[in-house]
Amino acid sequence: MSNHKEKIFLMKEQETLLIPLYSKAIESQQPNPILVDRKAQEILEHIEYDFTKLKIPRKTTLLLCLRAKKLDDYTREFLSCYPRSIVIHLGCGLDSRCIRVDKGEAEWYDLDMPGVIDLRRKFYKETDTYHLIPSFVTDFSWIDEILSKDRPVMVIAEGLFMYLKEEEVKALILKLKEAFPGCDLVFDAFSTLTAKNAQKHPSLNKTGATIHWGIDDAKAIEEWAEGISLKEEWFFTLAKEINKLGLGYRLAFKIAGLFTASKKAHRILYYNLGNHERRNGSCYAKSQ
C-alpha cells in the first residue's frame, strides 16, 4: 500500500463507518487492548480525515471494541463447526473481520453501499473466496450474487439494523430466512429508549446519521415467522474483557449489569432462521 492518503467524502450513515475504524485503531494501541486490529491502524494512516471532529467518547470506543470482539468470537465458533460455510457481513464498512478471523475454507462476502465498497476496494482485494458486494442492504438483488450451494450460512450485521426502519429489518430477516433457510443471524440492537435518544450522541450528531429502530423484547422477532429461534441475547456487561479496564469502568459495567434497562440499552442478538436441529448440538455452546 502506498503512502498516498485518501480524502474521505461520505454521506450521513456512510460516515459512521469511521467511528468503529478509529475506535479499533486507537484501542489497538492500548497497553492491554480489548481488541487488536492492525488493519484498522494501517487504514487510518492512509485516510485524510479530521477524526477529532467525530468527538468519540472513550465509552463508545470500549463498546465498539467489545462488540467487534464478541462478533469475532461468534464467527470463529461458527467456522470451527462449519469450515466450508458461507459468511455474509452486512454493512461491513472498513471492518477487517475477514482478516481478524481465519476464514479457512469458508466463502466470505462483505456488503455495503456502493460508495463504501468503492473506498473499501482501496484497502481490500477480492479473491476466489473473498467477495465485495456494492449494494444497499434493502435492495435484495444482492442475494442473487451469493451461491450458498446448501452450505451453512452465517449472516453478521454490525452497527446496521438500528439505521433501518422496523419494516425494513423485518423484511430483511424474512428474506434471509427464505434465501438461506437455517442460517444463523447475529446483530447488535438498541432498546427503543436508546434508539430514541441516540441522536444526542456527539459522534452520531456530527455525521447526521439517523437512528430508526430499537427493540426491547428480543423474543418478539420469533413471532415474525415460524422457525425463527433466539439462541442468545448477549449483554456487554458479560464481557470478560471488562477486567482489562480501569476501576472506574469496571464499576460502571458492574452497576449497569444490575439493571435490565441498562443491560438492554445496547446488546447482541443471535438467531437461527428456520432450522432448530443444526444449532442444538454440542457445536453451539452459549458464551459464559
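Shown above is the structure to which this text applies.
Presented here is an overview of the structure given in this document. For every chain, the first residue of the written sequence is number 1, and numbering continues from 1 onward in sequence order. With the structure being a predicted model, the display of local features is reserved for residues of pLDDT at least 70 and the display and counting of side-chain atom pairs for 80 or more, all residues being used for whole-chain, interface and lining totals. To get the side-chain values, take all heavy atoms of the structure and skip hydrogens and water.

1. Quick notes on the overall build of the protein
- Broken down by element type, the protein carries 11 helices and 9 strands.
- For the exposure calls, accessible area comes from a 1.4 Å probe over protein chains only, and a residue counts as buried if that area is under 20% of its type's maximum, exposed if over 50%, partly exposed in between. Taking all 288 residues of the protein together, 54% fall into the buried category.
- The contacts in the protein between residues at least 6 apart in sequence include a share of 73% that link residues at least 24 apart.
- Residue exposure ignores everything except the shown protein chains as possible cover, and the areas themselves are Shrake-Rupley values with a 1.4 Å probe. Surface accessibility of the protein: about 13,400 Å² in total, with carbon and sulfur atoms responsible for 52%. Helix and strand assignments follow DSSP, with helices taken as H or I runs no shorter than four residues and strands as E runs no shorter than two, numbered in order from the N terminus. The contact criterion used throughout is that any non-hydrogen atoms of two residues lie within 4.5 Å.

2. Observations regarding the nonpolar core
- Core analysis: the biggest nonpolar cluster contains 53 residues, and L21, I47, Y74, L94 and V186 have the highest contact counts within it.
- Secondary structure elements with two or more residues in this core: α2 (18-27), α3 (38-44), α4 (58-81), α6 (114-120), β5 (130-134), β6 (153-157) and β9 (266-273).
- By residue number, the principal contributor to this core is α4, which donates 11 residues.
- One finds I86, I88, L164 and L172 within the second-largest nonpolar core, a separate group that totals 35 residues. Nine residue types can take part in a nonpolar core, namely buried Ala, Val, Leu, Ile, Met, Phe, Trp, Tyr and Cys, and a core is a set of them joined through side-chain atoms within 4.5 Å.

3. Quick word on the environment of R97
- Looking at the element boundaries, R97 is found in helix α5 (residues 97-100).
- Since its relative accessible area comes to 0%, R97 is described here as buried.
- Along the sequence, R97 and L71 sit 26 residues apart, while their C-alpha atoms lie 8.8 Å from each other.
- Ignoring sequence-local partners within four residues, the contact set of R97 consists of A68, L71, D72, T75, H89, W108, I156 and E158.
- Polar contacts, as used here, are pairs of N or O atoms within 3.5 Å; protein pairs need one atom able to donate a hydrogen and one able to accept it. Residues neighboring in sequence count only if both atoms are side-chain atoms. Side-chain polar atoms of R97 contact the side chain of D72, separated by 2.5 Å.

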